[in-house]
There are 2 protein chains.
Amino acid sequence: MEHIYTYLEKNKEQLLEDVKEFLRIPSISTDSNYKKDIRKTAEFVTNYLKESGFSDVKIKDTEGHPLVYAEWMEAGDAPTVLLYGHYDVQPPEPLEEWKSEPFEPEVRDGRLYARGSSDDKGQVFMHLAVLRAFFKTEGKLPINVKVCIEGEEEIGSEHLYDILHKEKDLFEADLAVISDSGFVTNDQPTILYGLKGFTGLEFTLKGPDSDLHSGMYGGAIRNPAMAMAHLLATMKDEEEVVQIKGFYDDVIPLEETERELMAKAPSEDFTKTTGAPDTVSEKGYTPVEHTMARPTLEINGVYSGYQGEGTKTIIPSTATCKLTCRLVPGQDPEIIQDLLVQHIEAHVPKGVSVTIKREPLSAKAYRVDPSHPFIMKAKESYEETFNKEAVFVRMGGSIPVVEWLDAIYDIPVVLLGFGTPDDRLHSPNESFPLEHFYTGMKTITNYYHKLANK
Amino acid sequence: MEHIYTYLEKNKEQLLEDVKEFLRIPSISTDSNYKKDIRKTAEFVTNYLKESGFSDVKIKDTEGHPLVYAEWMEAGDAPTVLLYGHYDVQPPEPLEEWKSEPFEPEVRDGRLYARGSSDDKGQVFMHLAVLRAFFKTEGKLPINVKVCIEGEEEIGSEHLYDILHKEKDLFEADLAVISDSGFVTNDQPTILYGLKGFTGLEFTLKGPDSDLHSGMYGGAIRNPAMAMAHLLATMKDEEEVVQIKGFYDDVIPLEETERELMAKAPSEDFTKTTGAPDTVSEKGYTPVEHTMARPTLEINGVYSGYQGEGTKTIIPSTATCKLTCRLVPGQDPEIIQDLLVQHIEAHVPKGVSVTIKREPLSAKAYRVDPSHPFIMKAKESYEETFNKEAVFVRMGGSIPVVEWLDAIYDIPVVLLGFGTPDDRLHSPNESFPLEHFYTGMKTITNYYHKLANK
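Residues numbered from 1 in each chain as written. Chains lettered and ligands numbered in written order. Predicted model: local features only at pLDDT ≥ 70, side-chain atom pairs only at ≥ 80, totals over all residues. Heavy atoms only, no water.

Q: Any chance you could explain the overall build of chain A here in plain terms?
A: Broken down by element type, chain A carries 14 helices and 18 strands. For chain A, whose C-alpha radius of gyration is 23 Å, the value lies close to the compact-globule estimate of 22 Å for 454 residues. Along the three orthogonal principal directions, the C-alpha set of chain A runs to about 80 × 50 × 45 Å. The burial tally for chain A puts 65% of its 454 residues in the buried class. Excluding contacts between residues fewer than 6 apart, the proportion of contacts in chain A whose partners are at least 24 apart in sequence is 80%. Total accessible area on chain A stands at roughly 16,400 Å², and carbon and sulfur atoms take up 46% of it. For chain A, the distance from the average position of its 48 positive side-chain charges to the average position of its 76 negative side-chain charges is 1 Å. (Helix = DSSP H or I, 4+ residues; strand = E, 2+ residues; numbered from the N terminus. Rg over C-alpha atoms; globule rule 2.2 N^0.38 Å. Buried < 20%, exposed > 50% of the residue type's maximum accessible area, 1.4 Å probe, protein only. Contact = heavy atoms within 4.5 Å. Areas by Shrake-Rupley, 256 points an atom, 1.4 Å probe, with all protein chains shown as cover. Lys, Arg positive; Asp, Glu negative; His and termini not counted. Charge placed at Lys NZ, Arg CZ, Asp CG, Glu CD.)

Right, dumping it as structure tokens:
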């Protein structure tokens, strides 16, 4: 593997320039204004793979955003890896909080700042670079590889879902590898062996047809903003326990052995990393255990009435809330969504009406056995490159494709992430540490090599 | 008075063109981008008064928006009327809901549509027209008049407050007349003999320094939007009773005789006029009684997190709420604001911090004896021009200047309004009925004439 490491070292500046080019294109999947940039980004990935040595590369168009597929199957009976990643990114808003432009990558203090540098373009690129390094030095890959880089992960991977089900054979593999997660603390390699599922919806309470003069109608007309407050307050108590009837019924409890395994991982000092004045958690669980292994209900946005400068004395016409739930093994996202809808409909105050828009995409939680050989090899690869024993954690986030791969193929999904808590995913000033960018490429190299050797 | 009526009739088209010119200038007081238009509007009023026959007219500059002052004191021992009005208007948002441009006045179905046509420029103009009519026909006014038209009513009249206190003698009068209110139903002349006071504030709950990934931090970090929901839900119950400790302590109860007087007024069918599915009210009070004579707490705006297209799975960094209270006789706005602040500070959930911005301006409620001679003359003037017996009501809205005039001069404030429930004050598609525009000018003429005769 040394010659691969040497190649990566020699080409480090070029690789940095290449990933910056990748990051410059604003591949914002949730906003239809960026369709052209989405395509441009897919083309970047396609060209990079072709120029690396893949002859079988194609852009698969969908009714949404395109997916990039490539394969190289000449490694005999070595395992077949399905390499999954996504080239789309979260919206950058609020723009005024970015110190540098979200789509003009900048290195500061050893970190690469750009929307997508950590989630997920920076990490996707690390795999592209390693694959190129193998082709350029050995003329071949140690393992069979199917590359699947999609453009809708941030909005639920709707069309990937269709493709995986319609073209099942195309993506068949022995394991999947995904780099879209991170270290539990800045320098602690972490095997992510579980993810949360999710479901969500948006709902609007409507009172009067238009905003009303709050003096003339206050007291006679239900205020939709206050109705929303009352309704939301019934969904979760102040001890972070979700109050939706049936919400916890199917939750598989957290075993003591797993608590001990998780406890080996250093826990994030949440108040220090986030700036919040305090933490919270469900009784009987630490904040970390809650983020890893307990289901949640979170408001992502709520808005009603006047938000501009100064005062406007109105009763707003409507109030809207966007919320999502993160689920744990055992919970069925469709059942949970139904429970949410039932709860909302049962708690609409007198004087307002409700319309609900269910989030069409959802995912079950995912969990793989920490002692699986493919998992153990990943652990070793981390340890041999980062020189530190890896820890095992389950994450609060969701990656829908992991659940689908689990359901369709019943294969281990190796979550080989290199992010850090300081990366600020989904927030302004997202960044990725260059040290992980470079060392992580060695980890990936090491892992592909280990997979090829029995 | 017939010759005044004749003058008004002969010049009706011109008067309509003049008020449209007045309405065209976007005199939005709450938004500092419109300062030039504010001045232009003050100049319109000044010029109109000068061209009518007032020689003593001046624009009084303030640190905020200018105030127009004029006087004519040659009516001997006839009463001195302080005519108050405001030339500023509410912001027009949401713009997409207007059928015609908010600042391009349009007559449709007998109504004049424009922001400010009812509140308050249309009604201010009616007085300007009547004063002009007297000057042009009789060469004099029947009463002494001090005109005070300000530009900050929609944002609390801060600088008028200063002027009234510093130049007390300038505004001394026997009564004040204000046309900035309306008929309780479309064709029912209404004497408004009471107004509510108000106070308010804006507060923000802050959790983390930035928006967070809801998967990675959900369960460990208090969600400011949910914290806001819990906090707001403690402020008012679902029966419209404000839950702020001490809120009702000083409220002067509603006497039975007053309930009977109010009950003579036809009540608005709120669900029909607003489109809300149902009404609400405090136990023991009808919706109408609640809007007239019980204090309220209303959320004018609440916002947190993502509001754009699609999904964004974050825990928002902050949640903000703008709220105002309408007060009744007995309540002290400063005490109420303190109670609000204390309540908020006592109910901030663990894991978020709060910053509170008190609304600096406030007003006590106002109430005049319905049997005062100046009030009884107004009742007669309505009846002689609209050919219908006037009713007595107290309004849910506030006009701060009324409370200040009451406190400084202890004079009756005659609320001689001509608006209707369909006017949609503070909302898109504000309008004013032309029939009231023209007939109301006769009412004003009649009233000034009656005041002059003992």
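Picking up where we left off.
Q: Is there a simple way to think about the UniProt feature "domain: Peptidase M20 dimerisation" (unreviewed entry) in chain A in this case?
A: In the numbering adopted here, UniProt assigns the feature "domain: Peptidase M20 dimerisation" (unreviewed entry) to residues 193-351 of chain A. Helix makes up 30% of residues 193-351 of chain A and strand 23%. Its end C-alpha atoms lie 47 Å apart. (UniProt positions renumbered as here; feature names shortened; annotations may be inferred.)

Q: I would appreciate a short explanation of the pattern of salt bridges in the present structure.
A: Here the idea is simple: oppositely charged side chains can pair when their charged atoms come close. Taken as a whole, this structure holds 50 salt bridges over all chains when the rule is applied. Notably, a salt bridge pairs R115 of chain A with E430 of chain A, separated by 2.9 Å at the nearest N-O pair. One end of the pair, R115 of chain A, is in the loop between β5 (111-113) and α4 (121-138); the other, E430 of chain A, is in the loop between β17 (413-415) and β18 (431-433), with 315 residues separating them in the sequence. The exposure classification of R115 of chain A matches that of E430 of chain A, with both residues buried. Notably, a salt bridge pairs R222 of chain A with E240 of chain B, separated by 3.3 Å at the nearest N-O pair. (Salt bridge = Lys/Arg side-chain N within 4 Å of Asp/Glu carboxyl O.)

Q: Help me understand the pairing of strand β11 (residues 296-305) of chain A, please; the structure alone is not making it clear to me.
A: On a regular strand, each side chain points to the face opposite its neighbour's, so the side chains alternate between the two faces of the sheet. Counted residue by residue, β11 of chain A has nine buried out of 10 residues, so it is predominantly covered. Here eight bridges tie β11 of chain A to strand β13 (residues 318-327) of chain A, and the two strands are oriented antiparallel to one another. For V302 of chain A, the partnering residue across the bridge sits in β13 of chain A and is C321 of chain A. Bridge count between β11 of chain A and strand β11 (residues 296-305) of chain B: five bridges; the pairing is antiparallel. Bridge pairing in β11 of chain B links S304 of chain A to V302 of chain B. (Pairing = 2+ DSSP bridges.)

Q: Looking at this structure, how should I read the sheet that holds strand β14 (residues 353-358) of chain A?
A: Sheet strands line up and pair through hydrogen bonds in the backbone, either parallel or antiparallel. Spatially, β14(A)-β9(A)-β13(A)-β11(A)-β11(B)-β13(B)-β9(B)-β14(B) is the arrangement adopted by the eight strands of the open sheet, whose pairing is antiparallel. Every interior strand has two partners, whereas the edge strands, β14 of chain A together with β14 (353-358) of chain B, have only one. Neighbour-to-neighbour, the strand axes of this sheet turn through a mean angle of 25 degrees, independent of strand direction. (Axes fitted to C-alpha atoms, helices over the stretch in contact; angles between N-to-C directions.)

Q: I tried to follow the interface of chain A and chain B on my own but got confused; where do I start?
A: Interfaces are often sized by the amount of accessible area the parts lose when they come together. Taken together, the contact between chain A and chain B spans 89 residues of the former and 89 residues of the latter. Summed over both sides, the interface of chain A with chain B buries roughly 7,800 Å², with 52% coming from carbon and sulfur. Inspection of the chain A/chain B interface yields two salt bridges. Connecting chain A to chain B are 39 residue pairs in polar contact (both at pLDDT 80 or more). (Buried area = accessible area lost by both parts, 1.4 Å probe. Polar contact = N/O pair within 3.5 Å; in protein donor to acceptor, adjacent residues only side chain to side chain.)

Q: Quick question: what am I supposed to make of the environment of A265 of chain A here?
A: Residue and element names in this part refer to chain A. Along the polypeptide, A265 turns up in the loop between α8 (256-263) and α9 (270-274). C-alpha of A265 to C-alpha of F203: the two residues are 62 residues apart in sequence and 38 Å apart in space. With near-sequence residues (within four places) excluded, A265 lies in contact with V184, V391, F392 and V393.

Q: Sorry, what's going on with the domain arrangement of chain A here?
A: All names here are of chain A. In terms of domain boundaries, chain A breaks down into domain 1 (2-195 + 365-452) and domain 2 (197-257 + 278-358). With centres defined by C-alpha atoms, the gap from domain 1 to domain 2 works out at 33 Å. Facing 10 residues of domain 1, the contacting portion of domain 2 comprises 10 residues. Here domain 1 and domain 2 share an interface that buries about 860 Å² over both sides, 58% of which is from carbon and sulfur atoms. Taken as a group, A365, R394 and S398 account for 62% of the area that domain 1 buries against domain 2, more than any other trio of residues on that side. Summed over the shared surface of domain 1 and domain 2, the result is zero salt bridges. Our count for the domain 1 to domain 2 interface comes out at zero residue pairs in polar contact (both at pLDDT 80 or more). When grouped by side-chain class, the residues that make up the side of domain 1 that touches domain 2 number five nonpolar, three polar and two charged. (Domains from an automatic or database assignment. Nonpolar A, V, L, I, M, F, W, Y, C, P; charged D, E, K, R; others polar.)

Q: Where do I start with the relation of the copies chain A and chain B in this structure?
A: What relates the two chain copies is a rotation about an axis together with a slide along it. When chain A is fitted onto chain B, the two copies agree to an RMSD of 0.1 Å after a turn of 180 degrees and an axial shift of 0.0 Å. Viewed as a symmetry operation, the transformation between the two copies matches a two-fold axis. The fraction of interface residues of chain A whose copies in chain B are also interface residues reaches 100%, indicating that both copies meet through the same surface. (Least-squares fit on C-alpha atoms with pLDDT ≥ 70 in both.)

Q: Explanation requested: the nonpolar core in the structure shown.
A: One broad rule of soluble globular proteins: the nonpolar side chains tend to lie buried together. Residues and elements named next belong to chain B. Among the nonpolar cores identified, the biggest contains 109 residues, and F54, V401 and Y447 are the most heavily contacted of them. At 10 residues, helix α4 (residues 121-138) tops the list of elements feeding residues into this core. In contact with V401, not counting residues within four places along its chain, are Y84, L160, L164 and I178. (Core = buried A, V, L, I, M, F, W, Y, C linked by side-chain atoms within 4.5 Å.)

Q: What is the right way to read unusual backbone geometry from this model?
A: Generally, phi is negative for residues other than glycine and the peptide bonds are trans, each holding for most cases. A cis amide bond, omega 0 degrees, links E93 of chain A with the succeeding residue P94 of chain A. Summarising the element assignment, P94 of chain A is placed in the loop between β3 (80-86) and β4 (106-108). Look at the link from D119 of chain A to D120 of chain A: it is a cis peptide, with omega at 5 degrees. With respect to the secondary-structure elements, D120 of chain A resides in the loop between β5 and α4. If you check the backbone angles, E240 of chain B has positive phi at about 65 degrees while not being a glycine. As for its placement among the helices and strands, E240 of chain B is situated in the loop between α7 (224-233) and α8 (256-263).

Q: Looking at this model, I keep getting lost on the packing of α4 of chain A against helix α14 (residues 434-452) of chain A. Mind explaining?
A: Describing two packed helices takes the angle between their axes plus the distance from one axis to the other. Residues and elements named next belong to chain A. Their axes nearest at 9 Å, the elements α4 and α14 cross at an angle of 55 degrees. Compared by their axis directions, α4 and α14 come out oblique. When you trace α4 past α14, the crossing you get is right-handed. For the pair α4 and α14, the contacting residues are G122, F125, M126, H127, A129, V130, L131 and F134 in the first and H436, F437, G440, M441, I444, T445 and Y448 in the second. Of the residues that constitute the contact of α4 with α14, the class distribution is 10 nonpolar, five polar and no charged. (Parallel < 35°, antiparallel > 145°, perpendicular 65-115°, else oblique. Left-handed = near helix turned anticlockwise from the far one by under 90°.)

Q: Sorry, what's going on with the packing of aromatic side chains here?
A: Here a ring pair, both rings aromatic, is described through the centre-centre distance and the interplanar angle of the planes. According to the stated counting rule, one finds 34 aromatic pairs over all chains in the structure shown. Ring centres of Y382 of chain B and F386 of chain B lie 6.5 Å apart, and the angle between their planes is 55 degrees; this geometry places the pair in the tilted category. Highlighted residues: Y382 of chain B and F386 of chain B, both in helix α12 (residues 373-386), separated by four residues, approximately one helical turn. Residue Y382 of chain B shares its accessibility class with F386 of chain B, and that shared class is buried. Connected via pairs of aromatic rings, a cluster forms that spans F22, F44, Y48, F125, F437 and Y438 of chain A. (Phe/Tyr/Trp six-rings, centres within 6.5 Å; stacked < 30°, edge-to-face > 60°.)

Q: Before we go on, may I ask you to explain the sheet that holds strand β5 (residues 111-113) of chain B in this structure?
A: Residues and elements named next belong to chain B. Strand order in the open sheet formed by three strands is β4-β5-β18, with antiparallel pairing between adjacent strands. Because the sheet does not close on itself, it has two edges, and the strands there are β4 (106-108) and β18 (431-433). Strand-to-strand, the axes of this sheet are offset by a mean angle of 30 degrees, without reference to chain direction. Both β5 and β18 contribute to a ladder of three bridges, which runs antiparallel. Residue L112 lies in a different strand from β18, and its bridge partner there is F432. Packed onto the sheet, helix α14 (residues 434-452) meets β4, β5 and β18 and runs at close to 55 degrees relative to β18.

Q: How should α8 of chain A be read in this particular structure?
A: Residues spaced three or four apart along an α-helix face the same direction, because each turn holds 3.6 residues. Residues and elements named next belong to chain A. Where α8 is concerned, the buried positions are E258, R259 and M262. Taken around the axis of α8, the buried residues stretch over an arc of 105 degrees, which confines them to a single face. Away from its buried face by more than 90 degrees, α8 exposes T257, E260 and A263. If you follow the buried residues of α8, they end up packed against β8 (190-195), α10 (287-293), β15 (366-367) and β16 (391-394). (Arc of directions from axis to C-beta.)

Q: Got a minute to help me understand α12 of chain B in this structure?
A: Residues and elements named next belong to chain B. The end-to-end C-alpha distance of α12 is 20 Å, a good match for the 20 Å that 14 residues give at a rise of 1.5 Å each. Of the residues making up α12, those classed as buried are F374, I375, K377, A378, K379, S381, Y382, T385 and F386. Where α12 is buried, its residues contact α1 (2-10), β7 (175-178), β8 (190-195), β16 (391-394), β17 (413-415) and α14. With its phi angle positive at about 55 degrees, N387 sits one or two positions after the end of α12. (Expected span 1.5 Å × (residues − 1).)

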